[in-house]
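# Remarks on the overall topology
Residues per chain, in single letters:
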Amino acid sequence: MVSHTASGLIRLHCEEVKKMKFRYITIEREYGSGGTKIARKLSEVCGIPCYGREILEAVAKKQGIPVDRINQYEEKATGSLLYTMFVMSRVQTGDPNMLTEEGKVFLDEQLEIRRLATEGPAIFLGHCASDALKDQKGVVKVFIHSEDEEEVKNRITKDYGIDPEKVDSTRRYYNKKRAGYFRANTGKDWKDLKNYDVVLDSSKLGIDGCVNVLKGLF
């Protein structure tokens, strides 16, 4: 299905793409890679909704807690293998009983993603969306990263207003959080490229280049 290139980009073969009908794109991205900007711009270009923070807001409203609390739960959900196995077993059955608060958040996120998917084609940012939609047809799993260290640092400083002296620590924090949350709730390595159908290096393609590649999938 995919072919690897030295540039760090994995391309779907053109002839295979023509035969496929994709309805959903799930995107995991390294912090500072421009993944969020790519997803939002893709949404505008294609006229297809993009869900990221919206998932958090829906879960927060359902549970009657602030979005910041959800973020705290996500950070705590990076624990042991026993936790991972327990959450996965509960999520698979849709049973919220005996789950930790972190586990309930994850379960509600998965349910919200599946609900949103019933409304039509969509782009999903993070939240282990690929796992939530693993039984759906027409899903393409994307990972976005950047090999250009300076570009990443500049983007974090400019787009997120992070002090240049805190860029490295902030970047490590968010990447660790995303990797830990992904592993805790799926049992998979967030950066294992085998988990994805398309891998894009935003430093090679640029924001618009990534958007154009993904646009073709819809």
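The structure under discussion appears in the preceding block.
Residues numbered from 1 in each chain as written. Predicted model: local features only at pLDDT ≥ 70, side-chain atom pairs only at ≥ 80, totals over all residues. Heavy atoms only, no water.

Our next topic: the overall build of the protein chain. For the protein chain, the count of helices and strands is 10 helices and 7 strands. When each of the 218 residues of the protein chain is scored for burial, the buried share is 47%. Contacts in the protein chain between residues far apart in sequence, at least 24 positions, make up 70% of those at least 6 positions apart. Of the roughly 11,300 Å² of accessible surface on the protein chain, a fraction of 50% belongs to carbon and sulfur atoms. (Helix = DSSP H or I, 4+ residues; strand = E, 2+ residues; numbered from the N terminus. Buried < 20%, exposed > 50% of the residue type's maximum accessible area, 1.4 Å probe, protein only. Contact = heavy atoms within 4.5 Å. Areas by Shrake-Rupley, 256 points an atom, 1.4 Å probe, with all protein chains shown as cover.)

Our next topic: the side chain of His127. Relative to the helices and strands, His127 resides in the loop between β5 (122-125) and α7 (129-132). A distance of 3.2 Å separates a polar atom in the side chain of His127 from the backbone oxygen of Gly52. (Polar contact = N/O pair within 3.5 Å; in protein donor to acceptor, adjacent residues only side chain to side chain.)

Moving on: the packing of aromatic side chains. Tallied over the full model, the rule gives 8 aromatic pairs. With a centroid separation of 4.6 Å and an interplanar angle of 20°, the aromatic rings of Tyr31 and Tyr174 are classed as stacked. Taken together, the residues span a long stretch of sequence, with Tyr31 in the loop between β3 (24-29) and α2 (35-46) and Tyr174 in helix α9 (residues 167-186) at a distance of 143 residues. Looking at Tyr174, the relative accessible area reads 30%, which means it is partly exposed. (Phe/Tyr/Trp six-rings, centres within 6.5 Å; stacked < 30°, edge-to-face > 60°.)

This part is about empty space enclosed by the protein. To find the voids left in a structure, one rolls a probe of water-molecule size over its atoms. For the coordinates displayed, the defined rule picks out 1 cavity of 30 Å³ or more. Here the largest cavity is characterised by a volume of approximately 40 Å³. Looking at the largest cavity, the residues that line it are Thr26, Ile27, Glu28, Phe124, Gly126, Ala129, Ser130, Val142 and Tyr196. Of all the secondary-structure elements, those providing two or more residues to the lining of the largest cavity are β3 and α7. Broken down by element, the residue count for the lining of the largest cavity peaks at 3 residues, all from β3. Its residues assigned to classes, the lining of the largest cavity comprises 5 nonpolar, 3 polar and 1 charged. (1 Å grid on protein atoms, 1.4 Å probe; cavity = no way out; pocket = protein on both sides within 12 Å on 5 of 7 lines; lining within 4 Å. Points joined across faces, edges and corners; volume = space filled by probe spheres on them. Nonpolar A, V, L, I, M, F, W, Y, C, P; charged D, E, K, R; others polar.)

Pairs can form between side chains of opposite charge whenever their charged atoms are close. This model, assessed by the stated rule, comprises 12 salt bridges. Lys191 serves as the salt-bridge partner of Glu30, at 2.9 Å between the closest nitrogen and oxygen. Residue Glu30 is located in the loop between β3 and α2, and its partner Lys191 is located in the loop between α9 and β7 (198-201); the two are separated by 161 residues in the primary sequence. Here Glu30 falls in the buried class, since its relative accessible area comes to 9%. One salt bridge connects Arg40 with Glu54, and the closest N-O pair in it is separated by 3.1 Å. Of the two residues, Arg40 sits in helix α2 while Glu54 sits in helix α3 (residues 53-63), which places them 14 residues apart along the sequence. Look at Glu54 and you get partly exposed, because its relative accessible area is 30%. Sharing partners across several salt bridges, the network here consists of Glu112, Arg115 and Glu119. (Salt bridge = Lys/Arg side-chain N within 4 Å of Asp/Glu carboxyl O.)

Moving on, we come to the nonpolar core. If you look at soluble globular proteins, the nonpolar side chains tend to sit buried side by side. In terms of nonpolar packing, the biggest core is built from 20 residues, with Ile25, Ile27, Ile38, Ile123, Val142, Leu214 and Leu217 touching the most fellow members. The set of elements that each furnish at least two residues to this core consists of β3, α2, β5, β6 (139-145), β7 and α10 (202-215). Excluding residues within four positions of it along the chain, Ile25 makes contact with Leu42, Ala122, Ile123, Phe124, Val140, Val142, Leu214, Leu217 and Phe218. The next biggest cluster of nonpolar side chains, apart from the first, holds 12 residues, and it includes Tyr24, Ile113, Ala129 and Ala132. (Core = buried A, V, L, I, M, F, W, Y, C linked by side-chain atoms within 4.5 Å.)

Right, let's talk about the packing of helix α8 (residues 149-160) against α9 for a bit. Between α8 and α9, the shortest axis-to-axis distance is 10 Å and the interhelical angle comes to 90°. Viewed along their axes, α8 and α9 adopt a mutual orientation that is roughly perpendicular. On the side of α8, the interface is formed by Glu149, Val152, Lys153, Ile156 and Thr157, while α9 contributes Val167, Asp168 and Arg171. Classifying every residue of the contact of α8 with α9 gives 3 nonpolar, 1 polar and 4 charged. (Axes fitted to C-alpha atoms, helices over the stretch in contact; angles between N-to-C directions. Parallel < 35°, antiparallel > 145°, perpendicular 65-115°, else oblique.)

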